[in-house]
Amino acid sequence: MRTFFFRLWQWTWGFPQSLVGLIVYLLNRDKPHETYRGCIVTHWDNGGSLGVGMFLFLGKNADRQTLVHEYGHSVQSVILGPLFLPIMGIPSILWCNLPWCRKLRREKGISYYCFYPESTANRLGAWVSGETCELR
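Residues numbered from 1 in each chain as written. Predicted model: local features only at pLDDT ≥ 70, side-chain atom pairs only at ≥ 80, totals over all residues. Heavy atoms only, no water.

Trainee: Sorry, what's going on with the side chain of H73 here?
Mentor: For H73, the position within the fold is in helix α3 (residues 64-80). A residue is classified by how much of its surface remains accessible, and H73, at 5% relative accessible area, is buried. Those residues in contact with H73 that lie beyond four places of it in its chain are G51, F84, S92, P117, E118 and A121. (Helix = DSSP H or I, 4+ residues; strand = E, 2+ residues; numbered from the N terminus. Buried < 20%, exposed > 50% of the residue type's maximum accessible area, 1.4 Å probe, protein only. Contact = heavy atoms within 4.5 Å.)

Trainee: Where do I start with the sheet that holds strand β4 (residues 55-58) in this structure?
Mentor: Spatially, the 4 strands line up as an open sheet ordered β1-β2-β4-β3, and their pairing is mixed. Among the strands making up the open sheet, the edge pair consists of β1 (33-36) and β3 (50-52). Each strand of the sheet is rotated relative to its neighbour by a mean of 20°, with strand direction disregarded. Sheet topology places strand β2 (residues 39-43) next to β4; 4 bridges connect them, and they run parallel. Pairing of T42 across the sheet is with F57, part of β4. (Pairing = 2+ DSSP bridges. Axes fitted to C-alpha atoms, helices over the stretch in contact; angles between N-to-C directions.)

Trainee: Would you take a moment to explain the packing of helix α1 (residues 2-12) against α3 for this structure?
Mentor: Geometrically, a packed helix pair is captured by the angle between its two axes and the distance between the axes. One can describe the packing of α1 onto α3 by two numbers: an axis separation of 9 Å at closest approach and a directional angle of 65°. Judged by the inter-axis angle, α1 sits roughly perpendicular to α3. Crossing angle aside, the handedness with which α1 passes α3 is left-handed. Contacts between α1 and α3 involve F6, W9 and Q10 on the former and, on the latter, S74, S77 and V78. In the contact of α1 with α3, the residues fall into 3 nonpolar, 3 polar and no charged. (Parallel < 35°, antiparallel > 145°, perpendicular 65-115°, else oblique. Left-handed = near helix turned anticlockwise from the far one by under 90°. Nonpolar A, V, L, I, M, F, W, Y, C, P; charged D, E, K, R; others polar.)

What follows is the structure, given as structure tokens:
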């Protein structure tokens, strides 16, 4: 029953990011899938991982803590609904991919997980799942 309401909430309140997640999922439908706490988890060949709406995409080197972290992004989606993409999703993607952000992290020794969308995803994923997420 919890899974039903979680998915209903993601497809109503969190519709924009769930739609984005569905598109990425469909582009990777030939990859292995599983479920985790109501989310659809896709194991893809990409080096990075991604969580959008109820869809989690785990890179080839992802571990359990990465799963919990990406689940945290799904929890952010439940809380923020249509505000998830501008408040968490887009800043997270930019922090991960912009060359000057990568350079800043590398040169200053700044952890990827210190930026607010990532640190919040760690805390929420751990709190809601009951698992640890100590990505730093």
